[in-house]
Amino acid sequence: MLAAERHRRISDELQDRRIVRTEDFAKLLGVSVETVRRDLVVLERRGSLVRVHGGATSAAGRVGEEASYAERSASDHEAKVAIGRAAADLVLPGQTVIIDVGTTAVEVARTLPESYHGIVATCSLLAATELAGRPGIEVLVSGGRLRAGDLACSNAQAVAFFSDIHADVAFLGSGGVDAAAGLTDFHLDEVASRRVIAANTLRSYVLADAGKFGRVAPHRVCGLDEVDGVITNEAPPQTLRAAIERTGGVVVVAG
């Protein structure tokens, strides 16, 4: 069993039980206690759980360190594809589109309909690569400092790039979406770009699978009133839905 699958099953188990013993995790996963202990260390560092004597307990809402790109790509892949398709369905031919960074954002680029023609601006080299060979699509890349894994561009150069683009629709990546904290993320340099994108775009949507609900990453991007909606794979909790809809935002659940 891959580490990503073990981590997902550990998190799922902690949603159902307040405290789980290390030995119980080992039996559930079919691995050694030592392997479980290493997994728990990694997950605690990311804020997914809290280690206690003999096991672990949930750390609802806490987020520490972002998982690697490879692990995020392997986790909840079907949900990311569904969200990407739902986002792509909102794009009309001729529109100027901004695609942010992240594993789900890449799925938006992959699933843009063949009928689409227009301009796509992005700070993701992975998204740009998906669209580079598409006829009728002009791809603009922000440039800036490159972050490994997501191949994300950021810094003042990226901010200046997006300051000069007034797009029809933007799809924003997310580290967490919370009713009180709003949209948050892990990478401070990329926060400034997202703020400019949301401010300059006619409609901006947050891409967030259900695992992002109620999570708060270290850096605040904006309040939920500053985006036009959230595209997700599951209906959010009522408190979060109310916070999104209170100022006219919409929740798009991928079907």
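Calculation rules
- Residues numbered from 1 in each chain as written.
- Predicted model: local features only at pLDDT ≥ 70, side-chain atom pairs only at ≥ 80, totals over all residues.
- Heavy atoms only, no water.
- Pairing = 2+ DSSP bridges.
- Helix = DSSP H or I, 4+ residues; strand = E, 2+ residues; numbered from the N terminus.
- Axes fitted to C-alpha atoms, helices over the stretch in contact; angles between N-to-C directions.
- Contact = heavy atoms within 4.5 Å.
- Salt bridge = Lys/Arg side-chain N within 4 Å of Asp/Glu carboxyl O.
- Buried < 20%, exposed > 50% of the residue type's maximum accessible area, 1.4 Å probe, protein only.

**Digging into the sheet that holds strand 10 (residues 176-178)**
Within the open sheet, the three strands sit side by side as 10-11-13. Their pairing is antiparallel. In this open sheet, the two strands that pair with only one neighbour each are strand 10 and strand 13 (219-222). Put simply, the sheet's adjacent strands are angled 35 degrees from each other on average, direction ignored. Looking at chain direction, strand 10 and strand 11 (residues 182-185) are connected through three bridges and run antiparallel. Considered in strand 11, the bridge of Gly176 is made with Thr184. The strands touched by helix 9 (residues 188-200) within the sheet are strand 11 and strand 13, with strand 13 carrying the most contacts at an inclination of about 10 degrees.

**Here we look at the pattern of salt bridges**
This structure, assessed with the given rule, holds 14 salt bridges. Asp12 is the partner of Arg8 in a salt bridge, and the nearest nitrogen-oxygen pair spans 2.7 Å. Of this pair, Arg8 and Asp12 both sit in helix 1 (residues 3-16), four residues apart, which is roughly one turn of the helix. A relative accessible area of 30% places Asp12 in the partly exposed class. Taking the shortest distance from any N to any O, the salt bridge between Glu107 and Arg110 comes out at 2.7 Å. On the criterion of helical spacing, the pair formed by Glu107 and Arg110 is a turn pair, its members being three residues apart in helix 6 (residues 103-111). A residue is classified by how much of its surface remains accessible, and Glu107, at 6% relative accessible area, is buried.

**Comments concerning unusual backbone geometry**
Phi at Leu151 is positive, roughly 50 degrees, even though this residue is not glycine. With respect to the helices, strands and loops of the structure, Leu151 is situated in the loop between strand 7 (145-147) and strand 8 (152-154). The backbone phi angle of Asn155 is positive, close to 115 degrees, even though this residue is not glycine. Considering the arrangement of structural elements, one finds Asn155 in the loop between strand 8 and helix 8 (156-163).

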